[in-house]
Amino acid sequence: PGGATATKGVMVALAVVYVTNLVLRGGVLSWLVMWNPPVAAGELWRLLTSGLVSGGLFGLAMNLLVLWLAGRAIESEVGPARFLGIYAAATLGGSTLFYLLGPANGATLGAASAVVGLLAANAIGKRKSGEDVRGDVGLFVILVLYSLVVGFASFGWLTMIGGILVGALAGAVLAYAPRANRTAAQVVGLLAVVLLCLVAVVLKTFVLV
């Protein structure tokens with residue numbers, strides 16, 4: 001779809017962050033990546049900015065390919081604002097699960113979790129429409145298994161699982177919102193998903209330490 005402005009914007013942002021980080025020799029990554037100790041110290045922006053960071057050139061290429069092939073179609077279905085809402089929520093979901101269950105000093109990247117979260121949200125929408133989602137489920141399994149193989153020790157696979165879970169939850173909010181005041185219900189539902197993640201982070205930081 002030619003009007004997939006949000007998808008193209010995300011793709012450009014991912015590419016710009018990658019190139020800029022190369023030029024600055026890691027200077028951008030150090031400020032955007034999801035890193036548990038700084039988050040615990042108050043750098044909460046990392047929960048979201050990690051969604052702009054890809055894992056190397058291959059990771060960037062895979063994220064851009066999925067966005068190009070599937071992201072534009074998803075945006076054409078839900079609109080640019082909801083597309084960005086799902087992307088942000090899935091990023092936050094991946095970061096939150098990593099913060100809760102990952103290593104105390106661990107760091108991870110979030111673009112892949114955001115992208116797979118978009119796919120999960122789309123699968124929920126397809127399921128509601130009665131479409132076959134077995135292919136989508138198989139893709140999620142492959143992606144999680146791949147992240148387990150290449151990043152088991154770093155626990156980066158946690159972000160993938162978190163992205164899928166929260167992406168699916170965001171997709172359910174959009175797909176099953178009541179017809180009456182549908183837009184308002186979707187906005188409130190997405191904000192509730194975000195708030196749930198933030199509450200979990202706060203509890204982990206100040207209560208469950």
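This text follows the structure it describes.
Residues numbered from 1 in each chain as written. Predicted model: local features only at pLDDT ≥ 70, side-chain atom pairs only at ≥ 80, totals over all residues. Heavy atoms only, no water.

**Q** So what's going on with the overall build of the protein chain? Which residues, and what values?
**A** Helices and strands together make up the secondary structure of the protein chain, namely 10 helices and two strands. Counted from the first residue to the last, the protein chain has its helices and strands arranged as α-α-β-α-α-α-α-β-α-α-α-α. Here the C-alpha radius of gyration of the protein chain, 16 Å, is about what a compact globule of 209 residues would show, namely 17 Å. Considering the protein chain as a whole, with its 209 residues, one finds that 44% of them fall into the buried category. (Helix = DSSP H or I, 4+ residues; strand = E, 2+ residues; numbered from the N terminus. Rg over C-alpha atoms; globule rule 2.2 N^0.38 Å. Buried < 20%, exposed > 50% of the residue type's maximum accessible area, 1.4 Å probe, protein only.)

**Q** Describe the side chain of T96, listing the residues and the values that go with them.
**A** Structurally, the position occupied by T96 is in helix α6 (residues 80-101). Among the polar contacts made by the side chain of T96, one reaches the main-chain carbonyl oxygen of L92 at a distance of 2.7 Å. Among residues more than four places away in sequence, those in contact with T96 are C197, A200 and V201. (Polar contact = N/O pair within 3.5 Å; in protein donor to acceptor, adjacent residues only side chain to side chain. Contact = heavy atoms within 4.5 Å.)

**Q** Give a description of the packing of helix α1 (residues 5-23) against helix α5 (residues 56-78) that names residues and reports values.
**A** Each packed pair of helices is defined by two parameters, the angle between the axes and the distance between the axes. One can describe the packing of α1 onto α5 by two numbers: an axis separation of 9 Å at closest approach and a directional angle of 170°. The pairing of α1 with α5 is recorded here as roughly antiparallel in orientation. Residues T5, A6, T7, V10, M11, L14, A15 and Y18 of α1 form the contact with α5, whose participating residues are G56, L57, L60, N63, L64, L67, W68, G71, R72 and E75. Each residue belonging to the contact of α1 with α5 can be placed in one class, and the counts come to 11 nonpolar, five polar and two charged. (Axes fitted to C-alpha atoms, helices over the stretch in contact; angles between N-to-C directions. Parallel < 35°, antiparallel > 145°, perpendicular 65-115°, else oblique. Nonpolar A, V, L, I, M, F, W, Y, C, P; charged D, E, K, R; others polar.)

**Q** Which residues make up a nonpolar patch on the surface, and what are the values?
**A** Together, L195, L198, V199, V202, L203, F206 and V207 make up a nonpolar patch on the protein surface, roughly 650 Å² of accessible area in all. As for its placement among the helices and strands, V202 is situated in helix α10 (residues 182-206). With relative accessibility at 43%, the residue V202 sits in the partly exposed group. (Patch = residues over 30% accessible without salt bridge, like charges linked within 9 Å, V, L, I, M, F, W, Y side chains within 5 Å. Areas by Shrake-Rupley, 256 points an atom, 1.4 Å probe, with all protein chains shown as cover. Salt bridge = Lys/Arg side-chain N within 4 Å of Asp/Glu carboxyl O.)

**Q** Kindly report on the environment of L100, identifying the contributing residues and their values.
**A** The topology assignment puts L100 in helix α6. Along the backbone, L100 and L158 are 58 residues apart, and their C-alpha atoms lie at a distance of 9.6 Å. The contact partners of L100, leaving out residues within four places of it in the chain, are A200 and K204.

**Q** Could you give me a rundown of the pattern of salt bridges, with the residues and numbers involved?
**A** A full pass over the atoms with the stated rule returns two salt bridges. One salt bridge in this structure joins E43 and R46, with 2.7 Å as the shortest N-O distance. Assessed through its relative accessible area of 3%, R46 is described here as buried. With a shortest N-O distance of 2.9 Å, R134 and D132 are connected by a salt bridge.

**Q** Residues and numbers for the environment of A4, please.
**A** Locating A4 in the fold gives a position in the segment before α1. Judged by its relative accessible area of 3%, A4 is buried. The spatial distance from the C-alpha of A4 to the C-alpha of E131 is 23 Å, given a sequence separation of 127 residues. If near-sequence neighbours (up to four positions away) are discounted, A4 is found in contact with R72 and E75.

In short, shape yes, function no, at least from these values alone.
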